[in-house]
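# Breakdown of the fold
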Amino acid sequence: MPELPEVETICRDLLRLVRGLVFEDVRIIDRRVIRGGSGAFFHRSLVGRKIVDVRRRGKAVVLDLGGLCLVVQPMMTGQLVARSGPAEDVLLKETKIVFLLSKRRQLLYNDQRLFGRLQIVAREEDLDYIRQLGPDPLDKNFTVEVLAERLRQRRPAIKTVLMDGRCIAGIGNIYASEILFRCGIDPCQSAMRLSMPQMMRLHKAVLEVLCEAVAMGGTTVRNYRSGDGQSGQFQNVVRVYGRDGQPCQVCGREIVRIVQSQRSTFYCSHCQK
Ligand SMILES: [Zn+2]
C-alpha cells in the first residue's frame, strides 16, 4: 500500500511531468473509483483545467487545478502514471481512468482492486481524511516536541498509533515496523509510556527511514509504481518487514511476526525492548 515515501515519489514525478498541462479530455473506464459526484460532474470539472501544482497530503496526491483540487487516494493498489504517446497503446486491464493532457501526454489511473478513490473538491481540506491529518513527518516543523505532544495521551501500542494518520500523517504498515526496529522500540509498548530518550530515538528513526525510502523511490510490494512507472527500491533494504523467520541483521535471532489491530507487525524481540 502506498505510504508517505511512495506517494511523495509519485508527487515529485508528476510535478516534473504534468505541471502546467491542461486536461483536454477524461475517459472514465470504471466510475466506481470516483467519489463525491457523478462521472459527468467529474468530467465537466476537469476538462479545460490546468494542473498548477501537485502536492502530497498524508498518503493522498493533490492535483491543484487553481480553485479546484483533484484528490487521488491510491489506497491498496492505485497507480497514477504519466506517459506520452497515443493513448490507445497503453490501456491495461486495471486502467480505470485515462486523463488526456495537453502536449500529447496522459495520466493513467490504474487500480487492480478498486480500493482507491478520486474526488473533486473545492479545497483539499474539504476531504475528512485531509482535514483530520496529523503533522507531516517531512515538514520542517515536525520536531521531537511535536511528536511527543502527539503521543502523550495515546494509550494504544506505539505501532498502532504510528499508523494512525490523525496522529502523524503518512506512516503505514511497512514503515511503522521499519522505524520501530531502527530505534529499538518494542512495537507493543504503549505510546504514552515512551521515555524522552526513546521519543528522541523514535523521531530520528522516523526521519531517517522515510527520507531513505523517498531517496530510493519507495517500496514496491504488490504493484506500486512511481509517477513515471518505475518500481521502488526500498524493499531491497528492509530489515524486518516481511522477514519473519529470517535472522535479525543485528543480533542473528529470528524476526517474528505478530498481529496488532489486524495488521502484521515484524520485529526482533531481542533488539526491540
Ligand atoms: Zn535483533
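Keep in mind that what you see is a predicted model, and the values were worked out from it rather than measured. (Residues numbered from 1 in each chain as written. Predicted model: local features only at pLDDT ≥ 70, side-chain atom pairs only at ≥ 80, totals over all residues. Heavy atoms only, no water.)

### What about the coordination of the zinc ion?
Spelled out, the test is: Only N, O and S atoms count as donors, using a 2.8 Å limit from the metal and a wider 3.2 Å limit for Na, K and Ca, and since water is excluded some coordination spheres may look unfilled. Note on geometry labels: four donors, all angles 85 to 135 degrees, give tetrahedral; four donors become square planar and six octahedral when opposite donors are over 155 degrees apart and every other angle is between 65 and 115; remaining cases are irregular. Counting from the N terminus, the helices are the DSSP runs of H or I reaching at least four residues and the strands are the DSSP runs of E reaching at least two. When accessible area is computed with a 1.4 Å probe and restricted to protein chains, residues below 20% of their type maximum are described as buried, those above 50% as exposed, and intermediate ones as partly exposed.
All of the protein donors around the zinc ion are Cys248 (SG), Cys251 (SG), Cys268 (SG) and Cys271 (SG); their distances to the metal are 2.2 to 2.4 Å. Every donor counted, the 4 donor atoms about the zinc ion form angles of 98 to 114 degrees at the centre, which fits tetrahedral coordination. Considered as a linear motif, the donors of the zinc ion on their single chain read C-x2-C-x16-C-x2-C. A residue pair is termed long-range when its members are at least 10 positions apart, and Cys251 in the loop between α7 (196-215) and β10 (256-260) and Cys271 in the segment after β11 (263-267) qualify at 20 residues. Here Cys251 falls in the partly exposed class, since its relative accessible area comes to 24%. A relative accessible area of 24% means that Cys271 is categorised as partly exposed.

### Quick look at the domain arrangement of the chain
Many structure descriptions define interface size as the accessible area lost when the parts assemble. For clarity, the threshold we go by: An automatic or database domain assignment provides the domain bounds reported here. Whether two residues touch is decided by their heavy atoms; if any such pair falls within 4.5 Å, the residues are in contact. Put simply, buried area is the surface a 1.4 Å probe can reach on two separate parts but cannot reach once they are joined, added for both. Within this document, salt bridges are pairs made up of a side-chain nitrogen of Lys or Arg and a carboxyl oxygen of Asp or Glu, the two lying within 4 Å of each other. Under the scheme applied here, ten amino acids are nonpolar (Ala, Val, Leu, Ile, Met, Phe, Trp, Tyr, Cys and Pro), four are charged (Asp, Glu, Lys and Arg), and all others, including Gly, are polar.
Taken domain by domain, the chain comprises domain 1 (4-131) and domain 2 (144-267). A straight line from the C-alpha centre of domain 1 to that of domain 2 covers 28 Å. Contact with domain 1, which involves 21 residues of that partner, is made by 19 residues of domain 2. Together domain 1 and domain 2 conceal approximately 1600 Å² of surface at their shared face, both sides included; 59% is due to carbon and sulfur atoms. In terms of surface lost to domain 2, no three residues of domain 1 exceed Leu4, Pro5 and Glu6, which account for 31% of the buried area on that side. We note a salt bridge from Asp228 to Arg16, for which the minimum N-O separation is 3.3 Å. Breaking the side of domain 1 that touches domain 2 down by element, the ones donating at least two residues are α1 (4-18) and β6 (78-84). Per-element tally for the side of domain 1 that touches domain 2: the top contributor is α1, with 11 residues. Looking at the side of domain 1 that touches domain 2 residue by residue, the classes come out as 9 nonpolar, 5 polar and 7 charged.

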